[in-house]
Amino acid sequence: MIQKSCISYIVKMAVRPQDISEYLKQKQWQKNCQNLLLVLGRIYGKRRGGKIYMNEIEALQASLAVRGNHTRLKRLMKRAEQGEKLHIGFLGGSITQGSLASTKETCYAALVHQWWQKKFPQSEFSYINAGIGGTTSLYGAARTWEDLMRYRPDFVVVDFTVNDESTTFFQETYEGVIRQVYGDETKPAVVIMNNIPV
């Protein structure tokens, strides 16, 4: 299994306030991380029929499962502050593709891309959406390079939540996707969106 310390964040939909109590007290770049997670948590909650939260603290508490190693995300945000051109990538199934969104611009991947553009207007962001409806991480593992990593993304969100079953087989195929993304020479910041039992 993947060690939890090797990824930036895992996003889920159950409350774990102990995981973020100290997190909310840290530096400005971490406020940016918090805002990004809020965007992901809110969008993901709506798409999965989850609770819509009344305030940002409640939404963040409900979305963050594991902080993991935030070094790559911190480095990415510093690069964005310096105005570098960055590539934002998404890999997953139909939710990533935007099948439940009312328009192409309102799928969660497009909204996260828009967040980066608004938060760091001095930078230029390209957007790669490698979501394909009805696919699992098995197919995702086979197409990670061709559909996403060849574009050399600096930030990647992976979500096969709906289509993967809770079996050892899919844990292994999901791990295969994460290892390819996290182990790439570009060293992207990685956010994993997944249902995790608490």
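Residues numbered from 1 in each chain as written. Predicted model: local features only at pLDDT ≥ 70, side-chain atom pairs only at ≥ 80, totals over all residues. Heavy atoms only, no water.

A. Representation of the confidence of the model for the protein chain in the model. When the pLDDT values of the protein chain are averaged, the result is 76; 64% of them are 70 or greater. Between the elements of the protein chain, mean pLDDT differs from a low of 43, seen in strand 1 (residues 9–11), to a high of 96, seen in strand 3 (residues 85–92). Taken as a whole, residues 46–50 scores under 50 in pLDDT and shows 12 contacts with residues more than four places along the chain or in a different chain. (pLDDT = per-residue confidence, 0-100. Helix = DSSP H or I, 4+ residues; strand = E, 2+ residues; numbered from the N terminus. Contact = heavy atoms within 4.5 Å.)

B. Region of the structure containing the packing of helix 6 (residues 137–147) against helix 7 (residues 168–182). In contact at an axis separation of 8 Å, helix 6 and helix 7 are set at 20° when each is read in the N-to-C sense. Put simply, helix 6 runs roughly parallel to helix 7. For the element pair helix 6 and helix 7, the recorded crossing hand is left-handed. On the side of helix 6, the interface is formed by Ser-137, Leu-138, Gly-140, Ala-141, Thr-144 and Trp-145, while helix 7 contributes Phe-169, Phe-170, Thr-173, Tyr-174, Val-177, Gln-180 and Val-181. (Axes fitted to C-alpha atoms, helices over the stretch in contact; angles between N-to-C directions. Parallel < 35°, antiparallel > 145°, perpendicular 65-115°, else oblique. Left-handed = near helix turned anticlockwise from the far one by under 90°.)

C. Structural detail: the packing of aromatic side chains. Inspection of the entire model under this criterion finds 9 aromatic pairs. For the ring pair Phe-169 and Phe-170, a centre distance of 5.1 Å and an interplane angle of 80° mean the geometry is edge-to-face. Taken together, the aromatic side chains of Trp-115, Trp-116, Phe-120, Phe-125 and Phe-155 make up a single cluster linked through ring pairs. For the cation-ring pair, Arg-72 lies above Tyr-182, with the distance from its terminal atom to the ring centre recorded as 3.7 Å. (Phe/Tyr/Trp six-rings, centres within 6.5 Å; stacked < 30°, edge-to-face > 60°. Lys NZ or Arg CZ within 6 Å of the ring centre and 35° of its normal.)

D. Layout of the pattern of salt bridges. Going through the model one piece at a time under the given rule, you end up with 7 salt bridges. Linking Glu-175 and Arg-179 is a salt bridge whose minimum nitrogen-to-oxygen distance equals 2.7 Å. In this pair, Glu-175 and Arg-179 are both assigned in helix 7, 4 residues apart and thus about one turn of the helix distant. Its relative accessible area of 12% is what places Glu-175 among the buried residues. (Salt bridge = Lys/Arg side-chain N within 4 Å of Asp/Glu carboxyl O. Buried < 20%, exposed > 50% of the residue type's maximum accessible area, 1.4 Å probe, protein only.)

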